[in-house]
Amino acid sequence: MTAAHKITVLGLGRMGTAIAARLSIVGGDGATGGTGVTDVTGHTGMTVTGWTRSGRAWGDDARDGRGTEGLPGEGLPTGGVVMGGGATAGFVTGGGATDGFTTVADAKEAVAEADVVVLALFDGAACREVLDAVEGALREDAVVVNTATIAPDEAAALARRLGPAYVHAPVLGSVQAVVAGALTLLAATEEPATLDRVRPVLDALGTVRPVEGAATAAALKLVANHGLAGAVLALRDALHQADALALPRDLVLDVLERGQLGGLVARKRSYLLHGPPPATAEFTIGALAKDLALLAATSGHPMRGGTSPFGTPTPSAAPAPAPVPAPASAAAPMSALAPATGPAPAPASVPASATTPTSAPAPVPASAPLPATAPAPDPVPAAAPDADIAVAATVPAVPDEVLAPLHAYVRGHATGDPRHFREAFLPTARVEGIRDSVLVSWPLDEYCALFPGRPTPDEATRSRRVDTVDVHGTVATATMTLHHGPDTFTDVFLLVRAGETWRIANKAYHRHPATEGSASSSAG
């Protein structure tokens, strides 16, 4: 059995409240905390006090929409946190006591008697602000355990400031993991004895993974959250493709739940089928966007542009009839620009001869009208920062208006008619790449002059495929793969919303080495 701990949790957002409630139950009043939940950690008791920077009780935070310290958001349900076994941890303010934990209004009062102080705050600035507020009030033997997700240099600075009295312990898992005592805590401290002192507290929250150095622990947490972002985007792309194939959503989720995305799908299944119930965000888009920005700033390594759903506004088309719309920043549906031999039909905006030719199409008469391009809708705001990260898996599909200039570009190649390129590109656009080991930079007129107004003889064997489209408000980037005879090209596009339509502002291309013994002079 271990000695009793007096614990103060500074920060009563979603995670802080859940942590305080968990500790009050598993360590309170002997073995049960007065709630009937067995203390499996063997603690003789934990007295838990909470404090919030807003100066308001957790119930008030939930009612007015503040759920995470320092970030507007949805709170937890009022009246207590439901723990394992059906027990509920309550709270009161003003120094009263219940079967849960107490909250006080003054930060210095909150920490005055605590031997363990847990920081459950939004970012590094909040951590510094709160530690400044309690400076001089901490007991000499108190240990500060910081669960916040902050930058590695911020974690190292706090470790230098507090020395052996500091444990940096960012957590893997959200509210439900706290409730179940199933967090993973990446714990780093200067002195092993310090970790031993707080180990019973950390064990009550989950599994402790000792790490060498506060900066390392902070960096590992950022990398873990980057992996989470990647999983959400992979789920988004899978749902996009499934919707394009008209597959039933529940069947798709059944299959995905049995694969590598299983854990995420299982946790978010109800949301993905029915949309979010009120006040249930476990990990918010705003928090994940903050973590991705920290990682990018720390590593200096570029991130995949597809992280835009975690904070960048994207234009939206009319609501799709699918149960959950497809993604806003993803590869276009394969049916949009199918290979020449593919069975998928071309969309109405792309002539079949541009995507699935079975024979060389006839030349387009000079007088033939070009298809009209629909006006682009006004950009709409990105998902709210307090929304659950599952929103990023259900954002609208890339609007047809953004794809329209890419479709026109494909028609230009398929028909050899340069008017399609003039529809696709801005008049000021340039096309650049390496041709015969020399950089070429064609203005639009020169590029159009390369095309004779009729398809190439081998058009039936050629194919083009949109690989990615990332939309950022009024600009977008896209990549396309073109198989032209012996040549394979990668085209990279910059698109802008010019007036009422989207147009290609510039294109750069790379010609991949042709098969040995072949030669081609085609333009990418």
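Draft legend 1. Just helix α9 (residues 214–244), in detail. For α9, which comprises 31 residues, the first-to-last C-alpha distance of 46 Å matches the rise-based estimate of 45 Å (1.5 Å per residue) to within 8%. Immediately beyond the C-terminal end of α9, within one or two residues, lies Ala246, with a positive phi of roughly 60°.

Draft legend 2. Summary view of helix α8 (residues 192–203). Look at α8: 15 Å from first C-alpha to last across 12 residues, which is about the 16 Å you get at 1.5 Å a residue. When α8 is considered as a whole, its buried residues turn out to be Thr194, Leu195, Val198, Pro200, Val201 and Leu202.

Draft legend 3. Spatial organisation of unusual backbone geometry. Positive phi, close to 55°, is recorded for Asp436, a residue that is not glycine. You can see Asp436 is positioned in the loop between β17 (425–435) and β18 (438–443). The exposure class of Asp436 is exposed, given its relative accessible area of 65%. Positive phi values are uncommon outside glycine, yet Ser437 reaches one of about 70°. For Ser437, the position within the fold is in the loop between β17 and β18.

Draft legend 4. Molecular detail of the confidence of the model for the protein chain. Summing up the model confidence of the protein chain, the mean pLDDT is 77 and the portion of residues at 70 or higher is 69%. This model gives residues 91–99 a pLDDT under 50, and the stretch forms 23 contacts once residues within four places in sequence are excluded.

Draft legend 5. Structural context of the pairing of strand β19 (residues 463–472). Among the 10 residues that make up β19, seven are buried, leaving the element largely enclosed by the rest of the structure. The pairing of β19 with strand β20 (residues 475–484) spans nine bridges and is classified as antiparallel. By the bridge assignment, Asp470 is partnered in β20 with Thr477. Counted along the chain from β19 to the antiparallel partner β20, the turn is two residues long, and its residue Gly473 has a positive phi close to 70°.

Draft legend 6. Expanded view of the environment of Ala155. Residue placement: Ala155 occurs in helix α6 (residues 152–162). Residues Ala155 and Ala214, 59 residues apart in the sequence, show an inter-C-alpha distance of 5.5 Å. If we ignore the near neighbours within four places in the chain, the residues touching Ala155 are Ile150, Tyr166, His168, Ala214, Ala215 and Ala218.

Draft legend 7. Expanded view of the pairing of strand β21 (residues 487–498). Burial along β21 is one-sided: Asp487, Phe489, Asp491, Phe493, Leu495 and Arg497 are buried, while Thr488, Thr490, Val492, Leu494, Val496 and Ala498, pointing the other way, are not. As paired elements, β20 and β21 share 10 bridges and run antiparallel to each other. Paired with Val475 across the strands is Val496, a residue of β21. Here β21 runs beside strand β22 (residues 501–512); their pairing, made up of 11 bridges, is antiparallel. Across the sheet, residue Phe489 finds its bridge partner in β22, namely Arg511. Hairpin remark: β21 followed by β22, antiparallel, with two residues in the connecting loop; positive phi at Gly499, about 65°.

Draft legend 8. Quick look at the sheet that holds β19. Ordered in space as β18-β17-β22-β21-β20-β19, the six strands form an open sheet in which the pairing is mixed. The open sheet terminates on both sides in strands that have one partner only, identified here as β18 and β19. Within this sheet the neighbouring strands show an average axis-to-axis angle of 15°, counted without direction.

Draft legend 9. The packing of helix α5 (residues 124–134) against α6, seen in detail. It is at 10 Å that the axes of α5 and α6 come closest, and there the two elements cross at 15°. In this view, α5 runs roughly parallel relative to α6, as classed from their interaxial angle. Note that α5 runs across α6; the crossing there is left-handed. Here Gly124, Ala125, Cys127, Arg128, Leu131 and Asp132 of α5 come into contact with α6, specifically with Glu154, Leu158, Arg161 and Leu162. Within the contact of α5 with α6, the residues separate by chemical class into five nonpolar, one polar and four charged.

Draft legend 10. Summary view of the packing of aromatic side chains. If you walk through the whole model with that rule in mind, you get 10 aromatic pairs. Seen in terms of ring centroids, Phe425 and Tyr447 are 6.2 Å apart; in terms of plane orientation they differ by 65°. Their pairing is edge-to-face. Linking Phe425 in strand β17 with Tyr447 in helix α16 (residues 444–448), this pair joins segments that are 22 residues apart in sequence. Summarising the burial analysis for this pair, Phe425 and Tyr447 share the class buried. Between the aromatic rings of Phe489 and Tyr509, the centroid separation amounts to 5.9 Å while the plane-to-plane angle is 65°, which identifies the pairing as edge-to-face. Here the residue Phe489 occupies a position in strand β21, and Tyr509 occupies one in strand β22, the gap between them amounting to 20 residues. Exposure remark for Phe489: the relative accessible area of 0% places this residue in the buried category. Three or more aromatic residues joined by ring pairs make a cluster, and in this case those are Tyr409, Phe421, Phe425, Trp442, Tyr447, Phe451, Phe489, Phe493 and Tyr509.

Draft legend 11. Layout of the packing of α9 against helix α10 (residues 249–257). Closest axis-to-axis distance for the α9/α10 pair is 11 Å, and the angle between their directions is 140°. Here α9 is positioned oblique relative to α10, judged by the angle of their axes. For the pair α9 and α10, the sense of crossing is right-handed. Seen from α9, the contacting residues are Leu235, Ala238, Leu239, Ala242 and Asp243; seen from α10, they are Arg249, Val252, Leu253 and Leu256. For the contact of α9 with α10, the residue count by class is seven nonpolar, no polar and two charged.

Draft legend 12. Just the pattern of salt bridges, in detail. Inspection of every chain in the model, using the stated rule, returns 21 salt bridges. Close ionic contact of Asp237 with Arg236 constitutes a salt bridge, the shortest N to O distance being 2.7 Å. Here Arg236 falls in the buried class, since its relative accessible area comes to 2%. A salt bridge links Arg511 to Asp487; the shortest N-O distance between them is 4.0 Å. Remark: Asp487 occurs in strand β21 and Arg511 occurs in strand β22; sequence separation between them is 24 residues. The two residues Arg511 and Asp487 agree in class, both being buried.

What counts and how
Residues numbered from 1 in each chain as written. Predicted model: local features only at pLDDT ≥ 70, side-chain atom pairs only at ≥ 80, totals over all residues. Heavy atoms only, no water. Helix = DSSP H or I, 4+ residues; strand = E, 2+ residues; numbered from the N terminus. Expected span 1.5 Å × (residues − 1). Buried < 20%, exposed > 50% of the residue type's maximum accessible area, 1.4 Å probe, protein only. pLDDT = per-residue confidence, 0-100. Contact = heavy atoms within 4.5 Å. Pairing = 2+ DSSP bridges. Axes fitted to C-alpha atoms, helices over the stretch in contact; angles between N-to-C directions. Parallel < 35°, antiparallel > 145°, perpendicular 65-115°, else oblique. Left-handed = near helix turned anticlockwise from the far one by under 90°. Nonpolar A, V, L, I, M, F, W, Y, C, P; charged D, E, K, R; others polar. Phe/Tyr/Trp six-rings, centres within 6.5 Å; stacked < 30°, edge-to-face > 60°. Salt bridge = Lys/Arg side-chain N within 4 Å of Asp/Glu carboxyl O.

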